[in-house]
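In case you want the letters, here they are:
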Amino acid sequence: MLSVDISIWVKVAIVCFAFLGIILFIMGIQRIWRRRIVAGSLEGLVGLLLFAVAALMVVISINLYTYDRLTHESKVAEISFQESGPQHFKTLLKLKNKTENLDLRGDDWQIDARVLKWRGMAVLLGFDTLYRLDRLSGRYRDIEQERTAPRTVYSLSEGKGLDLWLMAKKYKRWIPWVDALYGSATYMPMVDGASYTVFVSFTGLLARPNNDIALKAVSEWR
């Protein structure tokens, strides 16, 4: 998440913009009521603009807080498998704040994330690189199976507020403090009894075997 100091400053800015916006809008209405149309209209418009800026900051902040701070390599998930049929695995996924039991089909598992890096003024203000796990899926090594066999894909994030990722991607030229935003993925073989740990670093996601079964599966991976 964003640091505590930044969080406080963002909240203060939102409150200030919203408060000034409401005050100016009310003053504008009063001036119009006194038949000072031009001055009242300008004050009212400025008030609405400030209030709109506050509202925009709120929806962006809501989405931003679905991301986690990345200051060094960090453990983000553990995943283990029990085979329940050919290319079918019961999957236990442990995240920071929840544990899920899922079914994955295929030969490998894949986890995806979104990474957002800042520069310039955003860095000076204390914004760290952010990441958010995006999805977990099964994948087939055979291309034809990948096209035709049953697919299993699970979302690992909740879309809240204005989608900052899509906004930064679409309007990157107008948001100079966004340095880079990219997707990162890692995948490993699924075998009965295998267990892995997923980490995220500044270069993206990586997975490491947790036990001898996973180590053997990786060493024999083709």
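Check the entry above for the structure.
Okay, so let's go over this structure. (Residues numbered from 1 in each chain as written. Predicted model: local features only at pLDDT ≥ 70, side-chain atom pairs only at ≥ 80, totals over all residues. Heavy atoms only, no water.)

### Comments concerning the packing of aromatic side chains
Alright, step 1. A complete count under the given rule lists five aromatic pairs for this structure.
Alright, step 2. On the basis of an interplanar angle of 35° and a centroid distance of 6.3 Å, the ring pair of F81 and W109 is categorised as tilted. In this pair, F81 sits in strand 2 (residues 74-85) while W109 sits in strand 5 (residues 108-118), placing the two residues 28 residues apart along the sequence. Just as F81 is buried, W109 falls in that class too.
Alright, step 3. Taken together, a centroid distance of 5.6 Å and an interplanar angle of 80° make the contact between Y187 and W221 edge-to-face. A residue pair is termed long-range when its members are at least 10 positions apart, and Y187 in strand 8 (residues 178-189) and W221 in the segment after helix 6 (212-219) qualify at 34 residues.
Alright, step 4. Among the residues examined, W221 registers a relative accessible area of 25% and is labelled partly exposed.
Alright, step 5. These aromatic residues form a ring-pair network of at least three members: F81, F89, W109 and Y196. (Phe/Tyr/Trp six-rings, centres within 6.5 Å; stacked < 30°, edge-to-face > 60°. Helix = DSSP H or I, 4+ residues; strand = E, 2+ residues; numbered from the N terminus. Buried < 20%, exposed > 50% of the residue type's maximum accessible area, 1.4 Å probe, protein only.)

### Brief notes about a nonpolar patch on the surface
Alright, step 1. Taken together, the side chains of I22, F25, I26, I29, L45 and L48 present a nonpolar region at the surface, about 530 Å² in accessible area.
Alright, step 2. Where the nonpolar patch is concerned, the elements lending two or more residues are helix 1 (4-33) and helix 2 (37-64).
Alright, step 3. By secondary structure assignment, the location of I29 is in helix 1. (Patch = residues over 30% accessible without salt bridge, like charges linked within 9 Å, V, L, I, M, F, W, Y side chains within 5 Å. Areas by Shrake-Rupley, 256 points an atom, 1.4 Å probe, with all protein chains shown as cover. Salt bridge = Lys/Arg side-chain N within 4 Å of Asp/Glu carboxyl O.)

### Topic: the nonpolar core
Alright, step 1. Core analysis: the biggest nonpolar cluster contains 27 residues, and F81, L93, W109, I111, L133, L136 and Y196 have the highest contact counts within it.
Alright, step 2. Breaking this core down by element, the ones donating at least two residues are strand 2, strand 3 (88-95), strand 4 (99-105), strand 5, strand 6 (129-139), strand 9 (195-201), strand 10 (204-209) and helix 6. (Core = buried A, V, L, I, M, F, W, Y, C linked by side-chain atoms within 4.5 Å.)

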